[in-house]
Amino acid sequence: MTDFYKEHSKVYVSVDCIIFGFEASRLKLLVGKRNMDPGRGELSLYGGFVEEYESLDEAANRTLETLTGLDNLYMRQVGAFGAVNRDPGERVISVAYCALINVKDYSKELQEEHELEWIDVEKLPKMYSDHNEMVKKAIMLLRRRISTEPLSFNLLPELFTLTQLQHVYEAILGEEIDKRNFRKKIKTIDFIEKTDKIDKITSKRGAALYCFNKKAYEDDPCFKL
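Small disclaimer: the values here were computed from a predicted structure and weren't measured.

Undergrad: Help me understand the overall build of the protein chain, please; the structure alone is not making it clear to me.
TA: In terms of regular secondary structure, the protein chain is built from six helices and nine strands. Oriented by its inertia axes, the alpha-carbon framework of the protein chain measures out at about 65 × 35 × 30 Å. Taking all 225 residues of the protein chain together, the buried fraction comes to 44%. If you average the places of the 34 positive and of the 38 negative side-chain charges in the protein chain, the two averages end up 9 Å apart.

Pasting the structure below:
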């Protein structure tokens, strides 16, 4: 550290991770109870302070990997939250990140170790500080991007039915979608491919399973649904 800017006050910088999953046709949020003061025991997002050697993205990635054991997750910065009194402990500016994971990829052991749980976003209780506001802004971000980015596939298994895909869209948008029009649009997207496999677990009749061809998308990254 140098003596530059020593006439200015210093503040803490943290990252908070808004981790969404999809289960039982619902958009879920991963939350836990704070294990530190202030706010010990309050429902909270999972986060941490940015170290001297880290960029914001590096701190967020570290936090996510520690929490989930997963890397290369879909992650986007939601925004900075810097109200003077947002943290009763110290002056803390937090940068929130939104991440999407497939719930079934998440280790139950890690979930229990960190004492976390999945909560339905439609029934979200009051959380610590401004964490509810962070979640609200993250959902708004997803709603703006879901029709122009293939982000929904991060919430699904590798093979999925069109009904599951439609339910992801409905869960994020918070409204029902016309099934016929939705499937008509899907058929125009080359990198959503029908496989020869059938889902006989979630569908009594047996529904065709589809996959997202990531390479085909990267070769021509144009998405509109």
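Undergrad: Could you clarify how one ought to interpret the layout of surface pockets in this entry?
TA: One water molecule sets the probe size; rolling that probe over the atoms shows where empty space is left. Looking at the largest pocket, its volume works out to about 730 Å³. If you go around the largest pocket, you meet 23 residues; those closest to its centre are Asn72, Tyr74, Phe153, Asn154 and Lys214. Elements with a contribution of two residues or more to the lining of the largest pocket: strand S5 (74-81) and helix H6 (214-219). In terms of residues, the lining of the largest pocket owes the most to one element, H6, which gives three residues. When the residues that make up the lining of the largest pocket are grouped by side-chain class, the tally is 13 nonpolar, three polar and seven charged. Looking at the second largest pocket, its volume works out to about 630 Å³.

Undergrad: Whenever I open this one, helix H3 (residues 131-145) confuses me. Can you help?
TA: The α-helix winds at 3.6 residues per turn, so residues separated by three or four positions along the chain end up facing the same way. Its 15 residues place the ends of H3 21 Å apart at the C-alpha level, agreeing with the 21 Å of an ideal helix rising 1.5 Å per residue. Looking at the buried side of H3, the elements it contacts are strand S1 (12-23), strand S2 (26-33), strand S3 (43-44), S5, strand S6 (92-100) and helix H4 (162-173).

Undergrad: Hey, could you run me through the pairing of S6 in this one?
TA: Two faces make up the sheet, and in a regular strand the side chains alternate between them. The buried count for S6 comes to eight of nine residues, which makes it a mostly enclosed element. Pairing analysis gives nine bridges linking S1 to S6, with the strands arranged parallel. Across the sheet, residue valine 13 finds its bridge partner in S6, namely isoleucine 93. Pairing geometry for S5 and S6, over seven bridges, is antiparallel. Each bridged residue has a counterpart across the sheet, and for glutamine 77 the counterpart in S6 is tyrosine 97.

Undergrad: I'm lost on the state of the cysteines in this one. Help?
TA: Think of a disulfide as a covalent bridge from one cysteine sulfur atom to another cysteine sulfur atom. Enumeration over the complete set of coordinates arrives at zero disulfides. The cysteine cysteine 17 is free of any disulfide, with cysteine 98 supplying the nearest cysteine sulfur at 9.9 Å.

Undergrad: Got a minute to help me understand the nonpolar core in this structure?
TA: Side chains that are nonpolar tend, in soluble globular proteins, to be buried together. Among the nonpolar cores identified, the biggest contains 45 residues, and Ile18, Phe20, Leu29, Leu165 and Ile192 are the most heavily contacted of them. Looking at this core, the elements with two or more residues in it are S1, S2, S5, S6, H3, H4, helix H5 (179-186) and strand S9 (207-212). If sequence neighbours within four positions are ignored, leucine 165 has contacts with Ser152, Phe153, Leu156, Phe160, Phe182, Ile186 and Ile192. The next biggest cluster of nonpolar side chains, apart from the first, holds 18 residues, and it includes Ala60, Tyr106, Leu110 and Leu116.

Undergrad: Got a minute to help me understand the pattern of salt bridges in this structure?
TA: Where charged atoms from two side chains of opposite charge approach closely, those side chains can pair. Overall, the coordinates contain 10 salt bridges when judged by the stated rule. Its salt-bridge partner being arginine 40, residue aspartate 37 comes within 3.3 Å of it at the nearest N-O pair. Just as aspartate 37 is exposed, arginine 40 falls in that class too. Of the charged contacts, one joins glutamate 54 and arginine 62 as a salt bridge, the two residues approaching to 2.5 Å between their closest N and O atoms. By relative accessible area, which is 12% here, glutamate 54 ends up buried. Residue arginine 62 is classed as partly exposed on the basis of its relative accessible area, which comes to 31%. What emerges from the salt-bridge pattern is a single network uniting Arg26, Asp120 and Glu122.

Rules used in this analysis
- Residues numbered from 1 in each chain as written.
- Predicted model: local features only at pLDDT ≥ 70, side-chain atom pairs only at ≥ 80, totals over all residues.
- Heavy atoms only, no water.
- Helix = DSSP H or I, 4+ residues; strand = E, 2+ residues; numbered from the N terminus.
- Buried < 20%, exposed > 50% of the residue type's maximum accessible area, 1.4 Å probe, protein only.
- Lys, Arg positive; Asp, Glu negative; His and termini not counted.
- Charge placed at Lys NZ, Arg CZ, Asp CG, Glu CD.
- 1 Å grid on protein atoms, 1.4 Å probe; cavity = no way out; pocket = protein on both sides within 12 Å on 5 of 7 lines; lining within 4 Å.
- Points joined across faces, edges and corners; volume = space filled by probe spheres on them.
- Nonpolar A, V, L, I, M, F, W, Y, C, P; charged D, E, K, R; others polar.
- Expected span 1.5 Å × (residues − 1).
- Contact = heavy atoms within 4.5 Å.
- Pairing = 2+ DSSP bridges.
- Disulfide = S-S within 2.5 Å.
- Core = buried A, V, L, I, M, F, W, Y, C linked by side-chain atoms within 4.5 Å.
- Salt bridge = Lys/Arg side-chain N within 4 Å of Asp/Glu carboxyl O.

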